[in-house]
Amino acid sequence: MRVLHSERTVLSMNETDIRKYAGLMEELGLTGLEITEGDKVVRLERSAHAVIKEQETFVRQENAGEDGGDYVSVTSPIIGVFYAAPAENADPFVAVGDRVEPGSVLCVIEAMKLMNEIRAESGGVIEKICATNGQVVEYGTELFRIRR
């Protein structure tokens, strides 16, 4: 975790406040947070690698499919807006029937103006897309089902 400041005056912040904001960043899966108070600014940053590792531990949950087959349910690790494509007029990252490999980008969730890529932990075929583009999703909302 790094505490940065801009060219503006640095906001004096005690250790308790920094820990509170760092906890909020971890809870929401954020890589950066900027606190502005008048002309005073403090920015907290942490590496994206740490956030990705945390997301991977929360994103997948093993389930059995309706027909008894196995699938992986990909759930949202954060609260935010679900985007199926990298840009408004772009093709979606995945569609039903697509084969994905571990590490494939499935979607993006925007939280506090930060785009968080959600990646497949294991390979398989997209069986179902459970969220719609632009939908606000909660922590734990099922986003995809991937048949193994």
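Up top is the structure.
Here goes a summary of the coordinates provided.

Describing the pattern of salt bridges
Next up, step 1: As enumerated under the stated definition, the model contains four salt bridges in all.
Next up, step 2: A salt bridge links Asp-70 to Arg-148, with the shortest nitrogen-to-oxygen separation between them at 3.6 Å. Of this pair, Asp-70 sits in strand S6 (residues 70-75) while Arg-148 sits in the segment after strand S13 (142-147), and the two are 78 residues apart along the sequence.
Next up, step 3: For Asp-70, a relative accessible area of 41% gives the class partly exposed.
Next up, step 4: According to the relative accessible area criterion, Arg-148 is partly exposed, its value standing at 48%.
Next up, step 5: Residues Glu-117 and Arg-119 are paired through a salt bridge, measuring 2.5 Å at the closest nitrogen-oxygen approach.
Next up, step 6: Here Glu-117 falls in the partly exposed class, since its relative accessible area comes to 37%.

A look at the environment of Pro-86
Next up, step 1: Mapping Pro-86 onto the fold places it in the loop between strand S7 (80-83) and strand S8 (99-100).
Next up, step 2: Considered as a pair, Pro-86 and Met-115 are 29 residues apart in the sequence and their alpha carbons are 9.6 Å apart.
Next up, step 3: When neighbours within four sequence positions are excluded, Pro-86 is seen to be in contact with Asp-91 and Phe-93.

With respect to the sheet that holds S7
Next up, step 1: Spatial strand order, S10-S9-S7-S12: four strands in an open sheet with antiparallel pairing. Here the strands that pair on one side only, and so sit at the sheet edges, are strand S10 (114-119) and strand S12 (136-137).
Next up, step 2: Across three bridges, the pairing between S7 and strand S9 (residues 105-111) is antiparallel. Within the sheet, the bridge partner assigned to Val-81 lies in S9 and is Glu-110.

Quick word on the side chain of Arg-145
Next up, step 1: Relative to the helices and strands, Arg-145 resides in strand S13.
Next up, step 2: Residue classification places Arg-145 among the buried residues on the basis of a relative accessible area of 13%.
Next up, step 3: A polar atom in the side chain of Arg-145 sits 2.8 Å from the side chain of Glu-142.

A look at unusual backbone geometry
Next up, step 1: One non-glycine residue, Met-112, adopts positive backbone phi at about 55°.
Next up, step 2: Tracing the backbone through its elements, the reader meets Met-112 in the loop between S9 and S10.
Next up, step 3: A positive phi is found at Lys-113, a non-glycine position, where the angle reads about 65°.
Next up, step 4: Relative to the helices and strands, Lys-113 is located in the loop between S9 and S10.
Next up, step 5: Look at Lys-113 and you get exposed, because its relative accessible area is 76%.

What counts as what
Residues numbered from 1 in each chain as written. Predicted model: local features only at pLDDT ≥ 70, side-chain atom pairs only at ≥ 80, totals over all residues. Heavy atoms only, no water. Salt bridge = Lys/Arg side-chain N within 4 Å of Asp/Glu carboxyl O. Helix = DSSP H or I, 4+ residues; strand = E, 2+ residues; numbered from the N terminus. Buried < 20%, exposed > 50% of the residue type's maximum accessible area, 1.4 Å probe, protein only. Contact = heavy atoms within 4.5 Å. Pairing = 2+ DSSP bridges. Polar contact = N/O pair within 3.5 Å; in protein donor to acceptor, adjacent residues only side chain to side chain.

By themselves these figures say nothing about function.
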